[in-house]
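Descriptive analysis of the structure
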Amino acid sequence: MTKKFTLILIVTVMSIVTRFAAGETTKAAEGTLTLSKKSYQLAHAVAYESTTGGEEEVAVVLSAQPVSSEKLKKALAAEKEGGFGEFPQPFLRLVFKKTGELKHWSALGGGTTVGGSSDGTGELKVQDGHVVGKASATVDPSALIPKGFDVRFSAALVKSSQELPASTAKKYGPAANVKPSVTGVFKGNGKEAKLAYVSAHWREPFGDKPSMVLAFTEKDHSKDKKPDFNAGFGKFGSALVVSLHEDGDIFGCEVAHTALKHQNFSSIGRIKTDNFQFADGQDGPVDVFGETWEVKIKFVAPLGEIPKEYQIAESTETKQASPKSEESKPVEADNRTATKPAAPGLNAKDLALTKDATNVEYKSLVEQMSFKSKLPVKSACADLSANLKAQGWAKDGDDLITPNSSILNRKRGSAKLTIFVKPEAGGSEVKMMTEGLFWDGQ
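Figured I'd write up the structure that's included with this text. (Residues numbered from 1 in each chain as written. Predicted model: local features only at pLDDT ≥ 70, side-chain atom pairs only at ≥ 80, totals over all residues. Heavy atoms only, no water.)

Check the secondary structure of the chain and you find four helices and 28 strands. Here the chain, with 442 residues, has 51% of them falling under the buried criterion. Long-range contacts, defined here as pairs at least 24 residues apart, represent 60% of the contacts in the chain between residues at least 6 apart. Carbon and sulfur atoms make up 49% of the accessible area of the chain, which totals about 20,700 Å². (Helix = DSSP H or I, 4+ residues; strand = E, 2+ residues; numbered from the N terminus. Buried < 20%, exposed > 50% of the residue type's maximum accessible area, 1.4 Å probe, protein only. Contact = heavy atoms within 4.5 Å. Areas by Shrake-Rupley, 256 points an atom, 1.4 Å probe, with all protein chains shown as cover.)

This is how it looks when you write it as structure tokens:
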């Protein structure tokens, strides 16, 4: 089955859809980080043994973007030298004692750094090289820097003696079969222009990284060979052209709005991305040359294979990092990559749920589903576990079950499930992140 990859980034919120030849990593974290009145959704987790505090600890980093092997290797090397590891922002770093209690936490996002904080609670369990846990810190809105979090995670544990593999470059295939669409707000001096068309294209590398360009226009530009160039000259009405790396880092933004006297100018200072899913971005109008403009849009656009002339040559360091580097996978989320569907090819719509499941929602692009139950968390977990067991699913590590939140891991052949259960309106809300299921027809 060809997999789909969804890249969501902000100008406030955007998404690109393409297909990878080698699949996609399943998210293994869920929760929110709040820093300086901004909230960030954290969807990926890595866990590793640490001795930065002079004793054996377990560090868990939750981030909006996946953490590659190279990024984790550099972070671990920096920590061994007494420094601080760098991870894709925003991120939350939790440090647990070997006994499972939360020792301290730190976070970085949107230019705000909070370190050495101890005003949080959490628990962590380690079993068979895997960790599951949760942590939270209440946000004080009256504080000078409001901060807090509420997260749950499930991740493979990287041992201190473990040699991490080198990450391989993403193998892009044909564009996903989706219809381009864009919605949201694009204003100049308070006057709104309707961006109705969007396209995504690869461009020449920038900063030795694969790069792409997004064109948003009022008029149809689908037949134009250079829409990003011509849009800046008003050929398609008001327009926005954004240049960015594949990790969501914006390095160029051209604004063309018919309500502005300076109808074409560059502006990137207030446009930010934090992950494949974002809550940061531009907050309110930005003043440029005495005029204002603002944008808050969401889009989906197909993106295909990188043309050969835009591909980055493999570095010598990557080639020599490991004799098996061609088969190595990034350390993203819980170090598990998407696999072939489990025999006999279970379809997502046939997955066992609780007996009273309602509001079932399937998200085929990210291979996730959710539903609600009238049962309390523990009862919902028991009912769901029994139904999954009857369908051939077995436990994959230890479950973390409490009245306030629970995490279940299940496997069936090569298919896997990471399940989050939390209270909702007197009952429960269940979110399931899947690997190896068929999503055809969802």
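For the rest of this paragraph, the subject is the environment of serine 385. Counting through the fold element by element, serine 385 comes out in helix α4 (residues 377–390). Along the sequence, serine 385 and leucine 353 sit 32 residues apart, while their C-alpha atoms lie 8.8 Å from each other. Aside from chain neighbours lying at most four places away, what touches serine 385 is Leu408 and Arg410. A distance of 2.7 Å separates a polar side-chain atom of serine 385 from the backbone oxygen of cysteine 381. (Polar contact = N/O pair within 3.5 Å; in protein donor to acceptor, adjacent residues only side chain to side chain.)

What follows covers unusual backbone geometry. Cis geometry marks the peptide bond from glutamine 89 to proline 90; its omega dihedral reads -5 degrees. Structurally, proline 90 can be placed in the loop between α1 (69–80) and β7 (91–97). Backbone geometry at aspartate 128 places phi at a positive 55 degrees, although glycine is not the residue there. With a phi close to 50 degrees, asparagine 189 is a non-glycine residue in the positive phi region. Among the structural elements, asparagine 189 can be located in the loop between β13 (181–188) and β14 (191–192). The class for asparagine 189 is partly exposed, based on a relative accessible area of 38%.

Relative to β14, β13 runs antiparallel, the two sharing two bridges. Within β14, the residue paired with lysine 187 across the bridge is glutamate 192. Here β13 folds back onto β14 in antiparallel fashion, the turn holding two residues, of which asparagine 189 has a positive phi close to 50 degrees. (Pairing = 2+ DSSP bridges.)

Moving on, we come to α4. Look at α4: 20 Å from first C-alpha to last across 14 residues, which is about the 20 Å you get at 1.5 Å a residue. Elements in contact with the buried residues of α4: β23 (368–373), β25 (400–401), β26 (406–412), β27 (415–424) and β28 (427–435). (Expected span 1.5 Å × (residues − 1).)

Within the structure shown, the criterion is met by 13 salt bridges. With a closest N to O distance of 3.7 Å, lysine 395 and aspartate 399 form a salt bridge. A residue is classified by how much of its surface remains accessible, and lysine 395, at 54% relative accessible area, is exposed. Note that aspartate 399 is salt-bridged to arginine 410, the shortest N-O span being 3.0 Å. Placement of the pair is aspartate 399 in the loop between β24 (394–395) and β25 and arginine 410 in strand β26, with a sequence separation of eleven residues. Just as aspartate 399 is buried, arginine 410 falls in that class too. Here the salt bridges share partners, and the residues they tie into one network are Glu30, Asp150, Arg152 and Lys431. (Salt bridge = Lys/Arg side-chain N within 4 Å of Asp/Glu carboxyl O.)

Further remarks concern the nonpolar core. In terms of nonpolar packing, the biggest core is built from 26 residues, with Leu62, Leu92, Leu94, Phe149 and Phe153 touching the most fellow members. Counting only elements with at least two residues in this core, the list comes to β3 (29–35), β4 (38–42), β5 (44–50), β6 (57–63), β7, β8 (102–109), β11 (130–137) and β12 (147–158). Per-element accounting of this core gives the leading share, five residues, to β12. Once you skip the residues sitting within four places of it in the chain, leucine 94 turns out to touch Val58, Ala59, Val60, Leu62, Leu102, His104, Trp105, Ala135, Phe149, Val151 and Phe153. (Core = buried A, V, L, I, M, F, W, Y, C linked by side-chain atoms within 4.5 Å.)

Look at α1: 16 Å from first C-alpha to last across twelve residues, which is about the 16 Å you get at 1.5 Å a residue. Of the positions making up α1, those classed as buried are Ser69, Leu72, Ala75, Leu76 and Glu79. End-on, the buried residues of α1 take up no more than an arc of 130 degrees, which puts them together on one face. Among the structural elements, β5, β7 and β12 are those in contact with the buried residues of α1. Glycine 82 occupies a position one or two residues after α1 and carries a positive phi of about 90 degrees. (Arc of directions from axis to C-beta.)

As a further point, take the packing of aromatic side chains. This structure, assessed with the given rule, holds five aromatic pairs. Ring geometry for phenylalanine 96 versus phenylalanine 153: centroids 6.0 Å apart, planes at 55 degrees, classification tilted. Taken together, the residues phenylalanine 96 in strand β7 and phenylalanine 153 in strand β12 connect sequence positions 57 residues apart. Residue phenylalanine 96 shares its accessibility class with phenylalanine 153, and that shared class is buried. (Phe/Tyr/Trp six-rings, centres within 6.5 Å; stacked < 30°, edge-to-face > 60°.)

Below, the discussion takes up the pairing of β28. The element β28 is largely enclosed, with a buried count of eight among its nine residues. As paired elements, β23 and β28 share six bridges and run antiparallel to each other. Bridge pairing links lysine 372 to glutamate 429 in β28. With nine bridges connecting them, β27 and β28 associate as antiparallel partners. When the bridges of β28 are listed, lysine 422 appears paired with glutamate 429.

Distances and angles like these do not, on their own, reveal function.
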